[in-house]
Amino acid sequence: MNKVSVDLTCELAGVRMHNPLVLASGVLGTSAALLERVGACGAGAVTSKSCGPEERAGHPNPIAVEWAGGVINAVGLTNPGLEAEIPTLIDARERLHAQGIPLIASIFAPTVEDFGRMAAGVSAAEPDLIEVNISCPNVGDEFGTPFSGSVESAAAVTRMVRTKTKLPIAIKLAPNVPNIARIAFAAQEEGADAITAINTVPGMLIDPYAGRPVLSNKVGGVSGWSIKPIALRCVAEISRTVSIPVIGLGGVSNGLDAVEMIMAGATAVGVGSAVWQRGVEVFAVIAEEMYEFMAGEGYPDLASMRGIAIR
Amino acid sequence: MSDMQAYQRYFISNSQPKNYRTRSLVLDRPLAEAQPGQFVMIWLPDVGEKPFSIANADPLTAAIAAVGPFSEALCALEPGQPLWVRGPLGQGFELKGKKHLLVGGGYGAAPLYFLAKLARARGEEVCVCLGARSQAELLLAEDFREIGCRVEIATEDGSAGHQGLVLEAVRAALADFPAQTLYACGPKPMLLALAAFCKDNRLAGQFSWEAMMRCGIGLCGSCEIDEPTCDAVGLPHGWLTCKDGPVSFYQPA
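Conventions used here
- Residues numbered from 1 in each chain as written.
- Chains lettered and ligands numbered in written order.
- Predicted model: local features only at pLDDT ≥ 70, side-chain atom pairs only at ≥ 80, totals over all residues.
- Buried ≥ 20, exposed ≤ 12 C-beta atoms within 10 Å, placed from the backbone.
- Helix = DSSP H or I, 4+ residues; strand = E, 2+ residues; numbered from the N terminus.
- Pairing = 2+ DSSP bridges.
- Right-handed = clockwise from strand over helix to strand, strands pointing away.
- Axes fitted to C-alpha atoms, helices over the stretch in contact; angles between N-to-C directions.
- Parallel < 35°, antiparallel > 145°, perpendicular 65-115°, else oblique.
- Left-handed = near helix turned anticlockwise from the far one by under 90°.
- Contact = placed C-beta atoms within 7 Å.
- Nonpolar A, V, L, I, M, F, W, Y, C, P; charged D, E, K, R; others polar.
- Domains from an automatic or database assignment.
- Core = buried A, V, L, I, M, F, W, Y, C linked by C-beta atoms within 7 Å.

A. Fine view of the pairing of strand β9 (residues 125–132) of chain B. Residues and elements named next belong to chain B. With respect to burial, β9 is a largely interior element, seven of its eight residues being buried. Taken together, the seven bridges between strand β8 (residues 99–105) and β9 define a ladder with parallel strand orientation. Within the sheet, the bridge partner assigned to Leu 102 lies in β9 and is Val 128. Between the parallel pair β8 and β9, the chain is carried across by helix α2 (residues 109–121), and the sense of this crossover is right-handed. Strand direction decides the pairing type here: β9 and strand β10 (residues 150–155), joined by six bridges, are parallel. Within the sheet, the bridge partner assigned to Ala 132 lies in β10 and is Thr 155.

See the structure below:
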């Protein structure tokens, strides 16, 4: 078979990317140097670790462990708070733009009003896109059910954030809801420019010899290859329902996983736990694997694969 | 590392005092595939979890200084009691050449003992320079001697060996021990001084860094070495102690 030339570029809510691979929020996004490093390792875009209004230490150890199906974590939204985050985001954006790589700033907040304050605050750093994390599964003791848990609360946060920033916004959704597509649709109707799906899947590991949950928070978010089928189903349902682009993520660890995410309708593909399995270099490796697949199968660009599995 | 369980349960087979606040916890079986310089996360349910270097892999042994609630709980464990381990994690030392100079500052001696045992088992020469504030803080000096290492000691108060920093003991040792590689573990100021020393003297160096570790598997970013330190020792920015390290490598051009 003759190999075709392959174009991996994509555009997400007006943001140009040299490939569709996005560093997922919560992994290595804690400093300008780490974000820059991930960019240099071949990511198409990078997302900072979620920042909230106030500094948080996060949960005590154990906060993350690997297991047979991937990783489970309950870091607990460790972050320096809005004020300290802004110079980090500016520094990161300058370094990344020198490489031609967009920066996505992730925010969380305990209330709808604080989401508005966070959106206005991080806008000062001029990230290329703001990701609104309404779906962290690991702070329920303090914050209650995530805002992604219902159409009404997801819509309320989106509406608030929309009024506070002119930058494009992506709403990050949780998989553990009865109808994720309805929530995504509500976010679109309130002005979201993109949907990020999925956040980690709430879960628990127990050590049978200790008779205790492994994580200090007892429950945590499951990530890695065991959640890929859940993520593909969610991305497919959302893509069928909304017209805005989707950043699909959950269990993507190689080029074929990324291709499947595009075929489920995603415009861009998040990569997180694969950094644990395959190192920071995983971005360039996955891009190369995508290229090989597309060249071999005759897909000239991402658009030619996008959503083909859900038509 | 792909066991179904996140942690492996071990039992204490022996807990030996090594100095006034440090105990060597000898566990009931080996840690498979562990390299010197790698580390483990030790978990006590309902108490916490922290990283510890591997002082010996067969049987798994860790030197624990009682400096906080978690390490105090570990030091209070008695033979037969369990603890939980995940690992080995990180990048360890790699023996290069036949004459090895090991430099330990304070509790940095622990992983070097594992390295020294490996080198001695290969019939290679090992000189160990140990630095500490005082004689009471010294760790494992007799253990190194017992396996046939030459041991040089420096204490800041002069209560044992040379008075001064361990770098002075290193200079003295190198005068008649032409090592091909220097391996170091200890506090950051010591490692920075030794890294500069290796550069000035065109000596290959391997340095094991300490950092606060949270996930231990290269995801959370907690153990990133700051950029000025990276610049000082030639590490790339964003260097993660738990995954890229704990050991960094310097090879003179």
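Still to come is the rest of the account.
B. Local environment of the packing of helix α6 (residues 180–189) of chain A against helix α7 (residues 228–241) of chain A. Residues and elements named next belong to chain A. One way to put it is that α6 packs onto α7 with a least axis distance of 8 Å and a crossing angle of 45 degrees. By the angle between their directions, the pair α6 and α7 is classed as oblique. Along this stretch, α6 crosses α7, giving a crossing that reads as right-handed. Contact residues: Ile 180, Ala 181, Ala 184 and Phe 185 in α6; Cys 234, Glu 237, Ile 238, Arg 240 and Thr 241 in α7. Among the residues forming the contact of α6 with α7, the class breakdown is six nonpolar, one polar and two charged.

C. Examining the interface of chain A and chain B more closely. Listed by partner, the interface residues are 27 residues for chain A and 26 residues for chain B. For the side of chain A that touches chain B, the elements supplying multiple residues, two or more each, are α1 (32–40), β5 (64–67) and α9 (274–278) of chain A. Its residues assigned to classes, the side of chain A that touches chain B comprises 18 nonpolar, four polar and five charged.

D. Spatial organisation of the sheet that holds strand β11 (residues 162–163) of chain B. All names here are of chain B. Across the sheet, seven strands lie side by side as β11-β10-β9-β8-β12-β13-β14; this open sheet has mixed pairing. Edge positions in the sheet fall to β11 and β14 (247–250), since each of these pairs with one other strand and no more. Along the sheet, helix α5 (residues 188–200) contacts β8, β9, β12 (181–185), β13 (204–208) and β14; its crossing angle with β13, the most-contacted strand, is approximately 170 degrees.

E. Looking closely at the pairing of β8(B). Residues and elements named next belong to chain B. Of all seven residues that make up β8, six are buried, and the element is covered over most of its length. Examined bridge by bridge, β8 and β12 share five bridges and lie parallel to one another. Following the sheet pairing, Val 103 is matched in β12 by Ala 184.

F. Structural detail: the packing of helix α4 (residues 166–176) of chain B against α5(B). All names here are of chain B. At a closest axis distance of 10 Å, the pairing of α4 and α5 adopts a crossing angle of 30 degrees. It follows that α4 is roughly parallel to α5 by the angle criterion. Judged by the twist between their axes, the crossing of α4 over α5 is right-handed. The segment α4 lies against α5, with Val 166, Leu 167 and Val 170 engaging Met 190, Ala 193, Leu 194 and Phe 197. Residue composition of the contact of α4 with α5, by class: seven nonpolar, no polar and no charged.

G. Examining the environment of Glu297(A) more closely. Following the sequence through the fold, Glu297(A) ends up in helix α10 (residues 282–297). The spacing of Glu297(A) and Gly279(A) is 18 residues in sequence and 27 Å in space, taken between C-alpha atoms.

H. Looking closely at the domain arrangement of chain B. Residues and elements named next belong to chain B. Per the domain assignment, the segments making up chain B are domain 1 (8–89) and domain 2 (99–250). For domain 1 versus domain 2, the distance between C-alpha centres works out to 21 Å. Counting residues at the interface gives 17 residues for domain 1, matched by 20 residues for domain 2. Looking at the side of domain 1 that touches domain 2, the elements that each hand over two or more residues are β1 (8–19), β3 (39–44), β4 (48–53), β5 (56–57) and β6 (60–65).

I. Here's a closer look at the nonpolar core. If you look at the biggest cluster of nonpolar residues, it comprises 197 residues, and the most contacted ones within it are Val22(A), Ile107(A), Ile195(A), Val235(A), Val269(A), Val271(A) and Val128(B). Element by element, the count of residues in this core is highest for α2(B), at eight residues. Split by domain, this core shows at least three residues from each of two domains, domain 1 (8–89) and domain 2 (99–250) of chain B. Not counting residues up to four positions away in its chain, the partners in contact with Val22(A) are Ala43(A), Gly44(A), Ala45(A), Thr47(A), Ile104(A), Ile247(A), Ala268(A), Val269(A), Gly270(A) and Val271(A).

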